[in-house]
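If you want the building blocks of each chain, they are given just below.
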Amino acid sequence: MCDLVNTLGKKLIRKEGEAVVDVDTKTLVGEGLLVGLYFSACWCPPCKTFTPELAEWFNALTSTGNKLNGKLEIVFISSDENQTQFNDYFKQMPWYALPYSDRDRKKSISEQFNINGIPTLIFVDSKTGNIHSKAGRQIVTEDKNGTGFPWLPTATPPPDLIPDLLTDSIQDNKGNTFKPETVISN
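In this report, the structure presented in the accompanying data block is examined. (Residues numbered from 1 in each chain as written. Predicted model: local features only at pLDDT ≥ 70, side-chain atom pairs only at ≥ 80, totals over all residues. Heavy atoms only, no water.)

Notes on the pattern of salt bridges
No. 1: Taken as a whole and assessed by the stated rule, the structure comprises seven salt bridges.
No. 2: Two residues, aspartate 102 and arginine 105, come together in a salt bridge whose shortest N-O distance is 3.1 Å.
No. 3: Judged by relative accessible area, which is 27%, arginine 105 ranks as partly exposed. (Salt bridge = Lys/Arg side-chain N within 4 Å of Asp/Glu carboxyl O. Buried < 20%, exposed > 50% of the residue type's maximum accessible area, 1.4 Å probe, protein only.)

Below is the structure:
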């Protein structure tokens, strides 16, 4: 069984019209398919701002005839305080959700992906369950048309060339400093 199914459990939920139905998680597993894990809650002001933007972006990119139709899905992982909050908030979302009642799995997923705040959107490879990108919010705000899909990181030169290209450390655009061996191992 795929790591994604082990992580999310065998069943998710999704809206079909006004009804909420169970869906087998394995339907999200496929070659070239990215799954966004969206950690959010209705009581969180930044979440309330980002969720409609994410829904509009998702609907536009996955509509019939769009290049990302069948290649991108999202699963809502709720931090709401109760089932009623979850139900009201989930009505706004055109994607899957982890059932609210599965609080132990929600906690496990948050720990597995080191989620420390909301809203957080990460993309995982649907076949392996491995993190593809932790920059989901940035992707949504900066790539409105999905032209960068699958949002791969910049190509890294072969490891044997890196020592020649780098000094004793590098710095990212946020001022964080890394040693070359850290970059190579990640």
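So, next bit.
Digging into the pairing of strand 4 (residues 72–78)
In summary, the side chains of a regular strand alternate between the two faces of the sheet.
No. 1: Of all seven residues in strand 4, seven are buried, a share of seventy percent or more.
No. 2: As paired strands, strand 3 (residues 34–40) and strand 4 are joined by seven bridges and run parallel to one another. Bridge pairing in strand 4 places glycine 36 opposite isoleucine 74.
No. 3: Viewed along the sheet, the connection from strand 3 through helix 2 (residues 45–62) into strand 4 turns out right-handed. (Helix = DSSP H or I, 4+ residues; strand = E, 2+ residues; numbered from the N terminus. Pairing = 2+ DSSP bridges. Right-handed = clockwise from strand over helix to strand, strands pointing away.)

Considerations on helix 3 (residues 83–90)
No. 1: Every buried residue of helix 3 is accounted for by Gln85, Phe86, Tyr89 and Phe90. Projected onto a plane normal to the axis of helix 3, the buried residues spread over an arc of 120° and lie on a single side.
No. 2: Buried residues along helix 3 sit in contact with strand 1 (11–16), strand 2 (19–24), strand 3, helix 2, strand 4 and strand 5 (96–97).
No. 3: The backbone nitrogen of threonine 84 has a side-chain oxygen 3.1 Å away, supplied by the residue at the start of helix 3, namely asparagine 82. (Arc of directions from axis to C-beta. Contact = heavy atoms within 4.5 Å. Polar contact = N/O pair within 3.5 Å; in protein donor to acceptor, adjacent residues only side chain to side chain.)

Description of the environment of glycine 117
No. 1: Relative to the assigned elements, glycine 117 resides in the loop between helix 4 (103–112) and strand 6 (120–125).
No. 2: Overall, glycine 117 belongs to the partly exposed group, its relative accessible area being 34%.

Function cannot be read off these values alone, since they describe shape.
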